[in-house]
Amino acid sequence: MLRKNVFVGTLWILLTLGIVTARIHKLEIRNDNRRFISLSTFGFYMGGVLSVNLTNFKASRFNENHVFGFTLDRTKSDAMNPYLESHQEKCLLQGSSNPKTLLDKKDDSEVIYFTMDLKNNTMRVNCSLSVNIVHIYKDESMMPAVRAKRGSLSTPFSDSALISRRKRNTSGSELGKPVESVDKNLDLNVCSRLQLPMTVDIKNGEKYYNTSFFMKVYTKEEEGLYNFYFHSCPNYKNDDNVLVDFTMHIRESNRDNYLSAGEMPLPALYFMMALLFFLSGCFWVFILKKSKHQVFKIHYLMAILVYLKSLSLLFHGINYHFIQTKGEHVAAWAILYYIAHLLKGAVLFITIVLIGTGWTFIKPILADKDKKVFMIVIPLQVLANVAEIIIEESEEGDIEHKTWRDVFILVDLLCCGAIMFPVVWSIRHLQEAAHTDGKAVVNLRKLKLFRHFYIIIVCYIYITRIIVYLMKITVPFQYEWLDEMFREMATYVFFVLTGYKFRPASANPYFTLNDELLQGDDDDEMDVVVTGASGLTEGLSKVSKVIRPTTSQVPSTQEERDSLVGKMESSHEYD
């Protein structure tokens, strides 16, 4: 009943979640006092377009001197932005409109600054010295098209384009005016000043600001992973707590593809892995049907797990296909993926715990401590999957996005730790049993198997949680799909090794134990049929229990052996 209620409750969460768009974002910020908000992260190839539309921006405790705005920085990988991390205590927009301030900054970060001027109803654009070239437009219709030849344009740049590749020998407040204290031979690449218009709507006596801009990637040099942030500079002061409200419409695409550069191969990857898991599941069922050895219930549970994994990957691939072509996923396919993903995650951890406890292999029921592990692992796994689903369905700038991401990481680590306990308990039990129950050979073989399984689980957790994360933050932005491929291949290898270790086979120490248990402690005794040689006793026989001598009971001298034979002969009696 409890499991049914948990599943129904989770399904209700999935159905009532607002299905948000994927690469066409609509983010609504209400009464937010964060210093900066991560709005989007996207990898652009040549021909990629970023469209940003800000509507209904207002701030509480309104002051025209307050500084608000955005930053757009370019990196080569999905690592934490070092420039943003090093300026946590100071607003990045402060001084961004002053060329001298930009000149004094000693860093290699490529950052474009969009600073809102609430007095003059404009948004000033400037960029760091490391930005060599970038193209920003007030209106999408002003963007020239890209020719078939890479790097060439069909029409000249309009005056609305922000093109940085300019030599200057000044650091004054106005470009073009030399300053004697600056080296005249100094070569600086600085963005020209572009001012984007802002419109103002007055509602109920409050001012609401609106603006928009477009960026297009025309050259190979401009390609990269772009991170878009909103900054509220007044909130960097301890005595200020300014609440902002606004709505962001963001559209990102690489020509006709709405996936980020590092995500483009993912639909094909998910489809291929879904086929691989499906064929492997069919092969596993074939092995179970043709096996001449005993097949347990957990073997069929392992087959169900493989098919659930295949379905999850199939729906995930379909979901990404619609994001790729339409910029948003179809709700029906997304919900099917989330249900399959939730069931797969729960069955995976249940299967690992059942194998670790030896259920159906060596004992028909679970011990109390094993049941406690299930009571901990199953709810945690459901919570982890729900957190992962909410992360995917929420926008990057939502407050709950970061909260649920932290919850998912914590709960996932707890689940991974919890599934290790049954295996550790089984290893300790086998170590003790190897010295006490007289079946040391079988127990040591089982102990070796459990230790292998323990190592497999540790490697699986280490690879899919740590190695994959390190790959994600180190590989170039266009190869981000490699970490997902590495995760799925590691999962496949884990499934194959687990199936191989615990397949139905006579040599498996799991299965030889049942015969030992059936024989019990009478293994040391054997039945001997003694027949008589005389006519009176012909045809008569008597079953006699003879004690099989152990290694320590074998007589060491000839006299002891003759005495033992005499005692055995005198013990035979006939009716």
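Residues numbered from 1 in each chain as written. Predicted model: local features only at pLDDT ≥ 70, side-chain atom pairs only at ≥ 80, totals over all residues. Heavy atoms only, no water.

A. Structural detail: the overall build of the protein. The helix and strand tally for the protein stands at 13 helices and 14 strands. The 575 residues of the protein split such that 47% are buried. Within the protein, contacts between residues separated by at least 24 positions form 75% of all contacts whose residues are at least 6 apart in sequence. (Helix = DSSP H or I, 4+ residues; strand = E, 2+ residues; numbered from the N terminus. Buried < 20%, exposed > 50% of the residue type's maximum accessible area, 1.4 Å probe, protein only. Contact = heavy atoms within 4.5 Å.)

B. Molecular detail of the state of the cysteines. Applying the stated criterion across every chain, the model contains one disulfide. The residue that forms a disulfide with Cys-91 is Cys-233, at a sulfur-sulfur distance of 1.9 Å. Sign of the S-S torsion, about -50° for the bond between Cys-91 and Cys-233, identifies this disulfide as left-handed. With Cys-91 in the loop between α2 (82-85) and α3 (99-104) and Cys-233 in the loop between β11 (224-232) and β12 (244-254), this residue pair connects regions lying 142 residues apart in the sequence. (Disulfide = S-S within 2.5 Å.)

C. Highlighting the packing of aromatic side chains. Taken as a whole, this structure holds 22 aromatic pairs when the rule is applied. For the ring pair Phe-44 and Tyr-226, a centre distance of 5.6 Å and an interplane angle of 75° mean the geometry is edge-to-face. Within this pair, whereas Phe-44 is found in strand β2 (residues 36-44), its partner Tyr-226 is found in strand β11, the two being separated by 182 residues in sequence. The residues Phe-44 and Tyr-226 share a single accessibility class, namely buried. For the pair Phe-213 and Phe-228, a centre-to-centre distance of 6.1 Å together with 75° between the ring planes defines the contact as edge-to-face. Within this pair, whereas Phe-213 is found in strand β10 (residues 206-216), its partner Phe-228 is found in strand β11, the two being separated by 15 residues in sequence. Residue Phe-213 shares its accessibility class with Phe-228, and that shared class is buried. Each member of the aromatic cluster is reached from another via a ring pair, and the members are Phe-57, Phe-68, Phe-70, Phe-114, Phe-213, Phe-228, Phe-230 and Phe-246. (Phe/Tyr/Trp six-rings, centres within 6.5 Å; stacked < 30°, edge-to-face > 60°.)

D. Spotlight on unusual backbone geometry. At Arg-61, a residue that is not glycine, the phi angle is positive and equals roughly 50°. Mapped onto the elements of the fold, Arg-61 is located in the loop between β3 (48-59) and β4 (68-75). In the Ramachandran plot, Arg-255 falls in the positive-phi region, its phi being about 60° despite a non-glycine side chain. Of note, Arg-255 is situated in the loop between β12 and α4 (266-290).

E. Region of interest: α4. Between the first and last C-alpha of α4 there are 36 Å, a value that for 25 residues agrees with the 36 Å anticipated at 1.5 Å per step. Here α4 has its buried residues at Leu-266, Pro-267, Leu-269, Tyr-270, Met-273, Ala-274, Phe-277, Gly-281, Trp-284 and Leu-288. Looking at the buried positions of α4, the neighbouring elements they touch are α5 (297-326) and α11 (481-501). (Expected span 1.5 Å × (residues − 1).)

F. Up close: the nonpolar core. Of all hydrophobic cores here, the largest spans 54 residues; its most connected members are Leu-348, Ile-419, Ile-457 and Phe-494. Here this core gets nine residues from one element, more than from any other, and that element is α5. Setting aside residues no more than four positions away along its own chain, Leu-348 makes contact with Leu-305, Tyr-460, Phe-494 and Phe-495. Formed by 39 residues, the second largest nonpolar core is a distinct cluster that contains Leu-54, Phe-68, Leu-72 and Leu-118. (Core = buried A, V, L, I, M, F, W, Y, C linked by side-chain atoms within 4.5 Å.)

G. Geometry of the confidence of the model for the protein. In the predicted model, the protein carries a mean pLDDT of 75, and the fraction of residues at 70 or more is 67%. Here strand β13 (residues 525-531) stands out as the least confident element of the protein, with mean pLDDT 38; α4 is the most confident, with 96. Within the model, the stretch residues 564-575 combines pLDDT values under 50 with eight contacts to residues more than four positions away or in other chains. (pLDDT = per-residue confidence, 0-100.)

H. A nonpolar patch on the surface, seen in detail. A cluster of nonpolar side chains, Val-424, Tyr-454, Ile-455 and Val-458, forms an exposed patch at the surface whose accessible area comes to about 290 Å². Broken down by element, the nonpolar patch gets its largest block of residues, three residues, from helix α10 (residues 440-474). With respect to the element layout, Val-424 can be found in helix α9 (residues 420-433). (Patch = residues over 30% accessible without salt bridge, like charges linked within 9 Å, V, L, I, M, F, W, Y side chains within 5 Å. Areas by Shrake-Rupley, 256 points an atom, 1.4 Å probe, with all protein chains shown as cover. Salt bridge = Lys/Arg side-chain N within 4 Å of Asp/Glu carboxyl O.)

I. Representation of the sheet that holds strand β6 (residues 122-127). Read across the open sheet, the six strands follow the order β2-β11-β4-β5-β6-β8; overall the sheet is antiparallel. Each of the sheet's edge strands pairs with one partner strand only, and the pair in question is β2 and β8 (194-197). Direction aside, the axes of adjacent strands within the sheet are offset by 20° on average. Bridge analysis of β6 against β8 gives four bridges, and the strand direction is antiparallel. Across the sheet, residue Met-123 finds its bridge partner in β8, namely Leu-196. (Pairing = 2+ DSSP bridges. Axes fitted to C-alpha atoms, helices over the stretch in contact; angles between N-to-C directions.)

J. Expanded view of the environment of Val-468. Its place among the elements puts Val-468 in helix α10. Overall, the relative accessible area of 2% leaves Val-468 in the buried class. For the pair Val-468 and Ala-490, spaced 22 residues apart in sequence, the C-alpha separation works out to 9.8 Å. Apart from residues lying up to four places away in sequence, Val-468 is in contact with Ile-463, Asp-483, Phe-486 and Arg-487.

K. Quick look at the pattern of salt bridges. Throughout the structure, instances matching the rule amount to ten salt bridges. Lys-58 serves as the salt-bridge partner of Asp-245, at 3.9 Å between the closest nitrogen and oxygen. Of this pair, Asp-245 sits in strand β12 while Lys-58 sits in strand β3, and the two are 187 residues apart along the sequence. Assessed through its relative accessible area of 18%, Lys-58 is described here as buried. For Arg-124, the salt bridge identified is with Asp-117, shortest N-O distance 3.1 Å. Looking at Arg-124, the relative accessible area reads 26%, which means it is partly exposed. Given a relative accessible area of 12%, Asp-117 falls into the buried group.

L. Geometry of the environment of Ile-419. Mapping Ile-419 onto the fold places it in the loop between α8 (399-418) and α9. Separated by 66 residues in the primary sequence, Ile-419 and Val-353 place their C-alpha atoms 5.8 Å from one another. If we ignore the near neighbours within four places in the chain, the residues touching Ile-419 are Phe-349, Ile-352, Val-353, Val-377, Ile-457 and Ile-461.

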